[in-house]
Amino acid sequence: MDDYALVLNAGSSSLKFCVYRRPVAERWRLESRGQIEGIGTSPQLSAKDAQGEILAENRLEDWVSDGRAALDALASFLRSKYGGARVLGVGHRVVHGGARYAEPVVVTREVLEELYELVPLAPLHQPHNLAAIDAIFDRMPDVPQVACFDTSFHYCQLPVAKIIPLPSDIRKSGLQRYGFHGLSYEYIASVLPDVAPEIAKGRVIIAHLGSGASLCALKNAKSVDSTLGFTALDGLCMGTRPGALDPGVVLYLFQSLGLSAKEVETILYKKSGLLGISGISNDMRDLLTRSEPKARLAVDYFVYRAAKEIGAMAAVLGGIDGLVFTAGIGENSPDIRRRICQASSWLGVELDEVANTKKGPRISTLKSKVSTWVIPTNEELMIARHTGTMLGLL
Ligand code: ADP
């Protein structure tokens with residue numbers, strides 16, 4: 001019987017998955033990937049095989065209203081496709097590993113409890129990530145699970161990059177900058193030697209621009225700094241999050257507007273950023289088609305903030321050799337890439353307009369001082385690699 005392994009990336013309204021298969025005496029290969037989207041609103045399952053052929057594309061029933069129900073729906077889809085398969089392990093994306101986890105970990109009930117303690121540091125993501133682990137414990141207690149953290153890749157940053165300059169008795173409880181999107185950055189760092197060897201060991205800024213967005217400053221493939229910090233609220237403007245704010249703004253929300261902690265949390269995680277500025281949408285593709293001044297301002301601010309933070313990361317690195325765009329906006333929007341590159345021309349970024357419209361992968365001219373790239377990220381593959389290593393499956 002063939003062996004199978006599963007990768008899960010459970011979010012608030014979506015459950016992404018990859019199925020890997022190892023035929024007898026062969027190597028692991030991707031069998032299928034897909035997602036359940038619109039959990040809680042209008043749930044939909046889509047899945048493709050490794051060649052991109054559609055395996056499923058259907059509306060799910062309304063009972064798929066939370067993460068557990070989505071896992072049940074996924075389980076029944078997987079049973080219908082791979083009934084009786086022997087599952088050797090499940091790898092999960094977990095956003096926060098706190099100060100403890102510099103590496104992926106095989107999850108026990110004790111580890112899971114510890115990870116639940118980090119929920120206040122990532123309230124939008126961590127509960128959903130952990131609910132998926134919990135659900136697998138209940139349904140397949142004998143199948144080993146591995147948690148792969150978005151924070152681990154940044155563990156090696158120097159204390160000066162990690163410190164939050166508050167009194168030490170407050171910092172003792174783990175108040176420090178962690179950084180996120182680590183699985184994406186780790187994947188990009190792992191493919192640079194093949195895709196862009198001339199910058200693989202150099203000073204590189206990776207711009208992960210999706211619904212969540214951040215930059216990572218890399219030196220010799222290691223994280224030196226990142227724009228996300230203690231929580232996933234820092235740094236760049238995001239779909240519904242504002243990015244870095246004067247902390248006085250938060251005091252103002254409490255003291256002058258009298259908002260509750262829950263209300264402030266909702267504003268910061270769900271109502272700000274592109275959505276807050278435009279009042280129209282949190283979706284960049286949508287905003288780029290709109291002519292309303294508020295939509296334009298939202299896009300202008302996104303670009304402005306990204307360029308400003310690229311300047312800060314370049315200062316940390318003492319100049320840059322490479323710039324890489326990735327994730328939904330970074331991979332798919334030539335317009336946003338062009339605008340960010342133009343705003344970064346003072347650093348020596350010179351865009352090749354034609355290559356940019358064709359997605360590169362190299363999008364800078366040959367004489368550009370900074371070689372600039374579009375590289376699709378693959379967080380699920382990174383999780384699969386870690387899970388294979390941790391469980392001795394490779
Ligand atoms: P996440 O994984 O954080 O949910 P993604 O990496 O999927 O986010 O990125 C989603 C973002 O990418 C959305 O703002 C979406 O509008 C944007 N996006 C996707 N395709 C395009 C495109 N062709 N042009 C502009 N933006 C795009």
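From a predicted model like this one, the values you see are computed outputs, not experimental measurements. (Residues numbered from 1 in each chain as written. Predicted model: local features only at pLDDT ≥ 70, side-chain atom pairs only at ≥ 80, totals over all residues. Heavy atoms only, no water.)

1. Here's the deal with the site of the ligand
Close contacts around the ligand come from 13 residues, with Ser 211, Asp 283, Met 284, Arg 285 and Gly 328 the closest. At 2.6 Å from an oxygen atom of the ligand is found a side-chain nitrogen or oxygen belonging to Asp 283. Between the ligand and the protein, one listed contact pairs an oxygen atom with a backbone N or O atom of Ile 329 at 3.3 Å. Bound to the protein, the ligand loses 71% of the 580 Å² it would expose on its own. Only helix 10 (284-288) and helix 12 (327-332) provide two or more residues apiece to the shell around the ligand. (Near = heavy atom within 4 Å. Polar contact = N/O pair within 3.5 Å; in protein donor to acceptor, adjacent residues only side chain to side chain. Areas by Shrake-Rupley, 256 points an atom, 1.4 Å probe, with all protein chains shown as cover. Helix = DSSP H or I, 4+ residues; strand = E, 2+ residues; numbered from the N terminus.)

2. Side note on unusual backbone geometry
Here the residue pair Gly 360 and Pro 361 is connected by a cis peptide bond, since its omega of 15° sits within 30 degrees of zero. Note on placement: Pro 361 falls in the loop between helix 14 (353-357) and strand 13 (371-374). Of note, Asn 220 is a non-glycine position whose phi angle comes to about 50°, a positive value. Secondary-structure assignment places Asn 220 in the loop between strand 10 (213-219) and strand 11 (222-226). Positive phi is not limited to glycine here, since Lys 359 has a value of about 70°. Inspection of the secondary structure puts Lys 359 in the loop between helix 14 and strand 13.

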